[in-house]
Amino acid sequence: MRLRTLGTTDANALTVSAQGLGCMGMSEFYGTADEDQAIGTIHRALELGVTLLDTADMYGVGANERLVGRAIATAGVPREQIVLATKFGNVRDPDDPTKRGVNGRPEYVRQACDASLRRLGLDHVDLYYQHRVDKNTPIEDTVGAMAELVRAGKVRYLGLSEASAETIRRAHATHPITALQTEYSLWTRDIEPEILPTIRELGIGLVPYAPLGRGFLTGTITDPDKLAPDDFRRHNPRFQGEALRANLALVDAVKALAATRGVTPGQLALAWVLAQGDDVVPIPGTKHRRYLEENVAADGIELSDDDLAALEGAVPPEAVQGQRYPDMSTIDR
């Protein structure tokens, strides 16, 4: 797999594979978890040249970090060849994980990092994100504490997730930010007017999560009632009622374009994200080696200007129906 660089200066440049692997669904949110299968998928990703593994302390209330740590320990790959990203800031009650909050206070930053390192079984994190912006704590205080972790050798590079342009500027002025992780795909393009130009001005890379629209752009999801009972998408507004019907028509258009190229709809949608710039590193998530290999193959799909225009015409941003979370209150915009 090709390599790309997140960040443009000596202080924030981090070289990774052109695609990473999102590990969240291996523990929660998308149906039944199978640890052995998940670890096998991570090992296969490393074999295929995927170097960036993405997790967070809130996925499975720590279970996902433990799983990823075990996968790294048993992969037979030198630690320096793996770029491990994790996140803090989304806080869940261990006794009732449905209860959530956001915490960016400096003392919590330090506690969260130490707890993540213990679960991962590692002595440092390569890329450490603030998962959600704490609107009650100045971003300078949060990033200042994250910078202390860099100086202590516990973290190599810093990132933000779902941050506004103003927050990004303030954070980057406190310590160089390497990457912004946010939802971005053919059907989620709200960062384009302001946030994407801001990070490019500042030399910050983009790490899109859900680049396949939470699987919707693969064309395989037509009825949320057929998803697992605990699948997050059952309650996602874009998968409901009239919004679902409108969005299915958009996916049908992607399917038609994919058929003319002899690729899957998911591969075409992922190729579109990859074509948005060499500073863009999507992290499609999957538990299955079959889908991992399909996603990795998208790295070899070259799209012409006409191809890109056709895709963007098939899925115009204003045609997508439904907000992307049931509750958007923690999104910093």
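Everything quoted here is computed from the prediction, not taken from an experiment.

Enquirer: What's the story with helix α8 (residues 265–274) in this structure? I'm lost.
Expert: It helps to recall that an α-helix has 3.6 residues per turn; residues three or four apart then point in one direction. Burial runs high along α8: ten of the ten residues are buried. All of the buried residues along α8 are P265, G266, Q267, L268, A269, L270, A271, W272, V273 and L274. The elements touched by buried residues of α8 are β1 (3–6), β11 (205–209), α7 (241–261), α9 (289–297) and α10 (305–314).

Enquirer: Please explain the side chain of R4 as it appears in this structure.
Expert: When you line up the elements, R4 lands in strand β1. Of the polar contacts made by the side chain of R4, one reaches the backbone oxygen of G277; its length is 2.9 Å. Among all residues touching R4, those that are not within four sequence positions of it are L14, T15, V16, S17, A18, L274, G277, D278, V280 and V281.

Enquirer: Explain the pairing of β1 here, please?
Expert: Residues in a regular strand point their side chains to alternate faces of the sheet. The alternating pattern of β1 places R4 and L6 on a buried face, while none of L3 and T5, on the opposite face, is buried. The sheet contact formed by β1 and strand β2 (residues 14–17) spans four bridges and is antiparallel. Residue pairing across strands places T5 opposite T15, the latter belonging to β2.

Enquirer: Got a minute to help me understand the packing of helix α2 (residues 63–73) against helix α3 (residues 106–120) in this structure?
Expert: Running from N to C, α2 and α3 cross one another at 45°; their axes reach a closest spacing of 7 Å. On the basis of the axis angle, α2 is oblique to α3. Across from E65, R66, V68 and G69 in α2, the residues of α3 making contact are S116, R119 and L120.

Enquirer: What exactly am I supposed to notice about the environment of G89 here?
Expert: Topologically, G89 is positioned in the loop between β5 (83–88) and β6 (90–93). With a relative accessible area of 0%, G89 lands in the buried category. With residues near it in sequence (within four places) discarded, G89 still touches D57, G101, V102, N103, Y108 and H131.

Enquirer: Sorry, what's going on with the side chain of R92 here?
Expert: Following the sequence through the fold, R92 ends up in strand β6. Side-chain polar atoms of R92 contact the backbone oxygen of M58, separated by 2.7 Å.

Enquirer: Got a minute to help me understand the environment of A258 in this structure?
Expert: Counting through the fold element by element, A258 comes out in helix α7. Owing to a relative accessible area of 1%, A258 belongs among the buried residues under this scheme. In sequence terms A258 and L268 are ten residues apart; their C-alpha atoms lie 6.1 Å from each other.

Enquirer: When you look at the sheet that holds strand β10 (residues 179–183) in this model, what are you seeing that I'm missing?
Expert: Through backbone hydrogen bonds, the strands of a sheet pair up, either in parallel or in antiparallel fashion. In space, the seven strands of this open sheet follow the order β3-β4-β5-β8-β9-β10-β11, with parallel pairing throughout. Across the chains shown, the open sheet's two edge strands, defined by having one partner strand only, are β3 (20–22) and β11. When strand polarity is set aside, the average angle formed by the axes of neighbouring strands in this sheet is 25°. Direction of pairing for strand β4 (residues 52–54) relative to β5: parallel, over a ladder of three bridges. Directly across from L52, in β5, lies its bridge partner V83.

Enquirer: I would appreciate a short explanation of the nonpolar core in the present structure.
Expert: The tendency in soluble globular proteins is for nonpolar side chains to be buried as a group. Core analysis: the largest hydrophobic core is formed by 82 residues, its most contacted members being L21, I42, V68, L160 and I168. The biggest single contributor to this core is α8, with seven residues. Leaving out residues up to four positions away in the same chain, I42 has contacts with L21, C23, M26, L53, L67, V68 and A71. The next biggest cluster of nonpolar side chains, apart from the first, holds 24 residues, and it includes F29, F232, I283 and Y325.

Enquirer: How should I be thinking about the packing of helix α5 (residues 165–174) against helix α6 (residues 195–202) in this particular structure?
Expert: The description of two helices packed together rests on the angle between their axes and the distance between the axes. Direction vectors running N to C along α5 and α6 enclose 15°, while the axes themselves pass 9 Å from each other. As the angle between them shows, α5 and α6 are arranged roughly parallel. Judged by the twist between their axes, the crossing of α5 over α6 is right-handed. Packed against α5, whose contacting residues are A165, I168, R169 and H172, the element α6 presents I195, T198, I199, E201 and L202 at the interface.

What counts, and where the lines are drawn
Residues numbered from 1 in each chain as written. Predicted model: local features only at pLDDT ≥ 70, side-chain atom pairs only at ≥ 80, totals over all residues. Heavy atoms only, no water. Buried < 20%, exposed > 50% of the residue type's maximum accessible area, 1.4 Å probe, protein only. Helix = DSSP H or I, 4+ residues; strand = E, 2+ residues; numbered from the N terminus. Contact = heavy atoms within 4.5 Å. Polar contact = N/O pair within 3.5 Å; in protein donor to acceptor, adjacent residues only side chain to side chain. Pairing = 2+ DSSP bridges. Axes fitted to C-alpha atoms, helices over the stretch in contact; angles between N-to-C directions. Parallel < 35°, antiparallel > 145°, perpendicular 65-115°, else oblique. Core = buried A, V, L, I, M, F, W, Y, C linked by side-chain atoms within 4.5 Å. Left-handed = near helix turned anticlockwise from the far one by under 90°.

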